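Next come the chains, spelled out residue by residue.
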Amino acid sequence: MVSFDRLYKDGHEEVIFFSDPSCGLKAIVAIHNTTLGPALGGTRMWNYASEEEALDDVLRLSKGMTYKNAVSGLNLGGGKAVIIGDPKEIKSEALFRSYGRFLESLNGRYITAEDVNIGVEDVEHIFTETNNVVGVAEIHGGSGNPSPYTARGVFRGMEAACMKVWGDRSPKGKVVALQGAGSVGRHLGEMLYKEGAKVVVCDISQSNIDLFLEKVPNAQVVGVDEIYDVDCDIYSPCALGATINDDTIDRLKCKVVAGAANNQLKEDRHGDILKEKGILYAPDYLINAGGVMNVSIEFEGWSAEKATRMVDTIYDTSLEIFNVSESENVAVYKATNIVAEKRIEAIKNIKGKYLGNLGHRFPGRKTRR
Ligand code: NAD
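Note that the coordinates shown come from a computational prediction; the quantities given were computed from them, not determined experimentally. One numbering rule holds for all chains: residues counted from 1, following each sequence as written. It should be noted that, the model being predicted, local features are given only for residues of pLDDT at least 70 and side-chain atom pairs only at 80 or more, the latter also being counted only at that level, while totals for whole chains, interfaces and linings use all residues. Note that water and hydrogens are dropped before the side-chain values are worked out from all heavy atoms of the structure.

(A) Highlighting the overall build of the protein. Note on conventions: DSSP H or I runs of at least 4 residues are helices, E runs of at least 2 residues are strands, and numbering of each starts at the N terminus. A count of helical and extended segments in the protein gives 15 helices and 12 strands. Using C-alpha atoms as the atom set, the radius of gyration is obtained and then compared with a globule rule of 2.2 Å times the number of residues to the power 0.38. Relative to a compact globule of 369 residues, whose C-alpha radius of gyration would be 21 Å, the protein shows 22 Å and is just as compact. Across its three principal directions, the C-alpha atoms of the protein cover 80 × 50 × 40 Å. Each residue's exposure class comes from its accessible area (1.4 Å probe, protein chains only) as a fraction of the maximum for that residue type: buried when under 20%, exposed when over 50%, partly exposed otherwise. Counting only residues that meet the buried cut, the protein has 51% of its 369 residues in that class. Of the roughly 17600 Å² that the protein leaves accessible, carbon and sulfur atoms contribute 50%. Note on areas: Shrake-Rupley with a 1.4 Å probe; residue coverage comes only from the protein chains shown.

Written out as structure tokens, the structure is:
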């Protein structure tokens, strides 16, 4: 259950439960840290086995967003939301509009976006009731589909890893084992193909493989379990999390791991093992941040040019993190946390200064003298 001990432990600022029996809404918003700005993170809809499981998920994911937004250079804090229930049964206009009205009451402390099982139509309903949602359709001045930007960011992170390991930024001539030919995998595959890399791909969906081959005609297709044994330079997980685990880690033949999937390390210790094996792990939550960077541009008026420029910063940030990992002799996942925490601390410190605008806050008041 939520307890202050628990919130103190991981540093969460606020947890809010939204309940509306009229439409079946059961939502939890967790605001982890707003030092850098309003908390931003998507809303996930999931048929959790228990409310406890939903709470665990939202607390874990909201903390992750603080780190992701911080290391990505965004002026945003970390937050996340979950809506409890089976998407096939509970989705309705009323539910999302009710949720939007609750979000509006937070006065911009939390801004939401799409996540698992939340689509563009759902976002439209939320957007009917609140401005505090991003990832809205381009027709409303939003940023549309984030996947091309996520893929671009992964490509930049991969380039940084190539520079660090082989002294050449381009993945040209490298063999990339790509797990997942979905939205991000397809765009990434196309960029790799155009750059002259050799792509080996797998997917559980034949139709996604077919679409992939239209973009990457010379790709080699392997079975979903074979992908870990491919003799490759780069392993790129773009399907699901926790694929670097006790069963797979000794099978990997790559020198670099760089992909879009969230939480690629099953446990942190797998990041330490990668380091011991001399495999460079590009930090997942940085190099897949193209999507969140893209939606964040909506605050200032989205344009493809601005989004592209921001996503391209992932190259330099990744290199910085690889260098911290080397100089501090720590695994990349630890170095990424160090860089994120340093930025939060530095910005917290400059906010300690009084800005001298007290007079504006009390219009019409007279001094006692
Ligand atoms: P997607 O659903 O479009 O694609 C995932 C693909 O993986 C699908 O083609 C699916 O069939 C395949 N797949 C599922 N299980 C598999 C398995 N065991 N082996 C091989 N393939 C399998 O999702 P996406 O938008 O391309 O995202 C890919 C990953 O990147 C996800 O983990 C997602 O959470 C993460 N991510 C995506 C974005 C984004 O902007 N789309 C942003 C950040 C992170």
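Still to come is the rest of the account.
(B) A look at the nonpolar core. In this structure, L188 and L274 are the most contacted members of the largest nonpolar core, which totals 81 residues. Top element by residues in this core is helix α6 (residues 147–166). It accounts for 8 residues. The domain limits used here are those given by an automatic or database domain assignment. Taken domain by domain, this core gets at least three of its residues from each of domain 1 (4–67 + 76–133) and domain 2 (147–330). Between two residues, a contact is recorded if the distance between any of their heavy atoms is within 4.5 Å. If sequence neighbours within four positions are ignored, L274 has contacts with I244, I249, L252, V257, L265, I279 and Y281. The next biggest cluster of nonpolar side chains, apart from the first, holds 22 residues, and it includes V29, L103, Y110 and V136. For the purposes of this section, nonpolar cores are sets of buried Ala, Val, Leu, Ile, Met, Phe, Trp, Tyr and Cys residues that join through side-chain atoms within 4.5 Å.

(C) Spotlight on the site of the ligand. Around the ligand sit 21 residues, and of these T150, S183, V184, D203 and N208 come closest. Here a polar contact is recorded for every N or O atom pair within 3.5 Å, except that within protein the pair must consist of a potential hydrogen donor and a potential acceptor, and residues adjacent in sequence are included only if both atoms are side-chain atoms. Between the ligand and G182, the relevant distance is 3.5 Å, taken from an oxygen atom to a main-chain nitrogen or oxygen of the residue. At a separation of 2.9 Å, an oxygen atom of the ligand approaches a polar side-chain atom of S183. Taken by itself the ligand offers 830 Å² of open surface, and the protein chains cover 72% of this. Listing elements by their share of the shell around the ligand, those giving two or more residues are α6 and α7 (183–195). Following the grouping adopted for this structure description, the nonpolar residues are Ala, Val, Leu, Ile, Met, Phe, Trp, Tyr, Cys and Pro, the charged ones are Asp, Glu, Lys and Arg, and the polar ones are all others, Gly among them. Considered class by class, the residues forming the shell around the ligand number 11 nonpolar, 9 polar and 1 charged. Nearness is defined per residue: one heavy atom within 4 Å of the molecule or strand is enough.

(D) Local environment of the pairing of strand β4 (residues 43–46). As judged from the 4 bridges shared by β4 and strand β5 (residues 77–84), these two strands associate in the parallel manner. Looking at β5, one finds that R44 is bridged to V82. Crossover handedness for the path β4 to helix α2 (residues 51–71) to β5: right-handed. For two strands to be treated as a pair, DSSP must find no fewer than two bridges joining them. Handedness rule for crossovers: strands pointing away from the viewer, path from the first strand over the helix to the second running clockwise, crossover right-handed.

(E) Region of the structure containing the sheet that holds strand β8 (residues 198–202). If you trace the 6 strands from one edge of the open sheet to the other, you get β9-β8-β7-β10-β11-β12, paired in parallel fashion. Looking at the sheet topology across the chains shown, the edges are occupied by β9 (220–221) and β12 (280–281). Note: strand β7 (residues 175–179) against β8, 5 bridges, orientation parallel. Across the sheet, residue L178 finds its bridge partner in β8, namely V201.

(F) Highlighting the packing of aromatic side chains. Ring pairs are drawn from Phe, Tyr and Trp, using the six-membered ring of Trp, whenever the two centres fall within 6.5 Å, and their geometry is named by plane angle: stacked under 30 degrees, edge-to-face over 60, tilted for the rest. Inspection of the entire model under this criterion finds 4 aromatic pairs. On the basis of an interplanar angle of 90° and a centroid distance of 6.3 Å, the ring pair of Y149 and W302 is categorised as edge-to-face. On the criterion of sequence distance, the pair formed by Y149 in helix α6 and W302 in the loop between α11 (290–296) and α12 (304–311) is long-range, its members being 153 residues apart. Accessibility expressed as a relative area gives 13% for Y149, which makes it buried. Judged by centre distance (6.0 Å) and plane angle (55°), the ring pair of Y228 and Y235 falls under tilted.

(G) Local environment of the state of the cysteines. Disulfides are defined as pairs of cysteine sulfur atoms found within 2.5 Å of each other. For the coordinates displayed, the defined rule picks out 0 disulfides. Here C162 is not cross-linked by a disulfide; its sulfur's nearest cysteine counterpart is in C254, at 12 Å. We note that C202 lacks a disulfide partner, and the nearest cysteine sulfur, in C238, lies 10 Å from it.

(H) Spatial organisation of the domain arrangement of the protein. For the protein, the assigned domains are domain 1 (4–67 + 76–133) and domain 2 (147–330). Each of domain 1 and domain 2 has a C-alpha centre, and the two are 28 Å apart. Counting residues at the interface gives 7 residues for domain 1, matched by 6 residues for domain 2. Values labelled buried area give the accessible surface lost by two parts on being combined, using a 1.4 Å probe and summing over both. Between domain 1 and domain 2, a total of about 500 Å² is buried, with carbon and sulfur atoms accounting for 75% of that surface. By the criterion of area lost to domain 2, the three top residues of domain 1 are L40, Y67 and L76, representing 54% of everything that side buries.

(I) Examining the pairing of β5 more closely. Of all 8 residues making up β5, 8 are buried, and the element is well covered by its neighbours. Inspection of the sheet shows strand β3 (residues 39–40) paired to β5 by 2 bridges, in the parallel sense. Looking at β5, one finds that A39 is bridged to G77.

(J) Representation of the environment of T43. Looking at the secondary structure, you find T43 in strand β4. T43 gets classed as buried once you look at its relative accessible area, which sits at 1%. For the pair T43 and S318, spaced 275 residues apart in sequence, the C-alpha separation works out to 27 Å. With residues near it in sequence (within four places) discarded, T43 still touches A81, I83, Y99, Y110, T112, A113, E114, D115, V116 and I118. Engagement of the side chain of T43 in a polar contact is seen with the side chain of Y99, the distance being 2.6 Å. A distance of 2.4 Å separates polar atoms of two side chains, one belonging to T43 and the other to T112.

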